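Understanding the architecture of this molecule
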Amino acid sequence: RANKSAHGIFLPHLVASLEQVEQTYIMVKPDGVQRGLVGEIISRFERKGFKLTGLKLFQCPKELAEEHYKDLKTKSFYPTLIDYITSGPVVCMVWEGVGVVASARKLIGSTNPLQAEPGTIRGDLAVQTGRNVVHGSDSPENGKRETALWFKEGELCEWTPAQAPWLME
Ligand code: ADP
C-alpha cells in the first residue's frame, strides 16, 4: 500500500490506521444555531484534532427528522423532539478520525445538560435535555448511517489536513 504523500514524503499516519478511522455525524441543533454557538461548537472538534469532511447549514424536513430519530418513536417526547429539530436551521457535520465516535460523545457530554460535566459542550452551554444544542452519533455504525442520511456523496470532502503529521506519529 502506498504510504507516501504526493511529494514522496513518508507519511505512515496517512495509512497506518485506515481501518480504525471512523466517521461521526455531529449536528448543531436549532437552539445552538439561534444562540450563536456554531463557531464555539465547531472549534471544539477542530481543536481536538479531528478532520472535518462535511459541513452545511440546513433546514431539516420533518421526514428526515423522523428517520433520524426513528428509534425514539415510542417515547413521549418524540413529537416535541421532531418539532424542535425542524424548528430552524441546523448545522450538519461529519468528523473523521480514529476513535472519533466515542471521543465526540465525551466532548458533547451527557444527554441531560445538568448532568453533563463542566468542560463538555452540553455541560458548559446548555441546561435542558430538550434544548441540548448538539447531536453526536452513538456508534460507528450509526456514524455511517447518519452520514449517509444527512449528506449526499458529493457533499463530503476527502482531504489531508496540513497538521496531520503533527497529530499522529
Ligand atoms: P443523545 O442525543 O445524548 O444521544 P438520546 O439518543 O437518548 O440522547 O436522545 C436523543 C435526543 O432526544 C436528545 O439529545 C434530546 O434532544 C432528546 N431527548 C432525549 N430524552 C429526552 C427527554 N426526556 N425529554 C426531552 N427530550 C429528550
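Residues numbered from 1 in each chain as written. Predicted model: local features only at pLDDT ≥ 70, side-chain atom pairs only at ≥ 80, totals over all residues. Heavy atoms only, no water.

- Going by an unreviewed UniProt entry, the protein chain carries the name Nucleoside diphosphate kinase and comes from Gossypium darwinii.
- In UniProt, the protein chain has this text filed under Sequence similarities (unreviewed entry): "Belongs to the NDK family." (UniProt positions renumbered as here; feature names shortened; annotations may be inferred.)

1. Some remarks on the nonpolar core
- Grouped together as the largest cluster of nonpolar side chains are 20 residues, with contacts concentrated most on Ile 26, Ile 41, Phe 45, Trp 95 and Ile 121.
- Counting residues per element, the ones that place at least two in this core are β1 (21–28), α2 (38–48), β3 (90–98), α5 (100–108) and α6 (121–125).
- For this core, the leading source of residues is α5, giving 4 residues.
- Other than its neighbours up to four places away in sequence, Ile 121 contacts Ile 41, Arg 44, Phe 45, Leu 107, Ile 108, Ala 126, Val 133 and Val 134.
- Listed in part, the 16 residues of the second largest apolar core include Ala 65, Tyr 69, Tyr 84 and Val 90. (Core = buried A, V, L, I, M, F, W, Y, C linked by side-chain atoms within 4.5 Å. Buried < 20%, exposed > 50% of the residue type's maximum accessible area, 1.4 Å probe, protein only. Helix = DSSP H or I, 4+ residues; strand = E, 2+ residues; numbered from the N terminus. Contact = heavy atoms within 4.5 Å.)

2. Quick word on the site of the ligand
- Every residue near the ligand is listed here: Lys 29, Tyr 69, Leu 72, Phe 77, Leu 81, Arg 105, Thr 111, Arg 122, Thr 129, Gly 130 and Asn 132.
- Between an oxygen atom of the ligand and a side-chain N or O atom of Lys 29, the distance comes to 2.9 Å.
- Look at the ligand: alone it shows 530 Å² of surface, and the protein chains cover 72% of it.
- Here the shell around the ligand is composed, by residue class, of 4 nonpolar, 4 polar and 3 charged. (Near = heavy atom within 4 Å. Polar contact = N/O pair within 3.5 Å; in protein donor to acceptor, adjacent residues only side chain to side chain. Areas by Shrake-Rupley, 256 points an atom, 1.4 Å probe, with all protein chains shown as cover. Nonpolar A, V, L, I, M, F, W, Y, C, P; charged D, E, K, R; others polar.)

3. Remarks on the pairing of β1
- Sheet topology places β1 next to β3; 8 bridges connect them, and they run antiparallel. Across the sheet, residue Glu 22 finds its bridge partner in β3, namely Gly 97.
- Judged from the 3 bridges that link them, β1 and strand β4 (residues 134–136) form a sheet pairing that is antiparallel. Its bridge partner being in β4, Ile 26 is matched across the sheet by Gly 136. (Pairing = 2+ DSSP bridges.)

4. A short note on the UniProt feature "domain: Nucleoside diphosphate kinase-like" (unreviewed entry) in the protein chain
- The feature "domain: Nucleoside diphosphate kinase-like" (unreviewed entry), as annotated in UniProt, sits at residues 21–158 in this numbering.
- Within the segment residues 21–158, helix and strand shares are 41% and 20% respectively, and the terminal C-alpha atoms sit 13 Å apart.

5. Some details on the state of the cysteines
- Within the structure shown, the criterion is met by 0 disulfides.
- Free of any disulfide, Cys 92 has its nearest neighbouring cysteine sulfur in Cys 60, separated by 7.5 Å.
- In this structure Cys 92 comes out as buried when scored by relative accessible area, which is 0%.
- Free cysteine Cys 157: the closest other cysteine sulfur is in Cys 92, separated by 16 Å. (Disulfide = S-S within 2.5 Å.)

6. Some details on the pattern of salt bridges
- The tally for this structure, following the rule as stated, stands at 6 salt bridges.
- Of the charged contacts in the structure, one is a salt bridge between Arg 44 and Glu 40, with a shortest N-O distance of 2.8 Å. A residue pair is termed a helical-turn pair when its members lie 3 or 4 positions apart in one helix, as Arg 44 and Glu 40 do in helix α2 at 4 residues.
- Owing to a relative accessible area of 16%, Arg 44 belongs among the buried residues under this scheme.
- For Glu 67, the salt bridge identified is with Lys 70, shortest N-O distance 3.2 Å. (Salt bridge = Lys/Arg side-chain N within 4 Å of Asp/Glu carboxyl O.)

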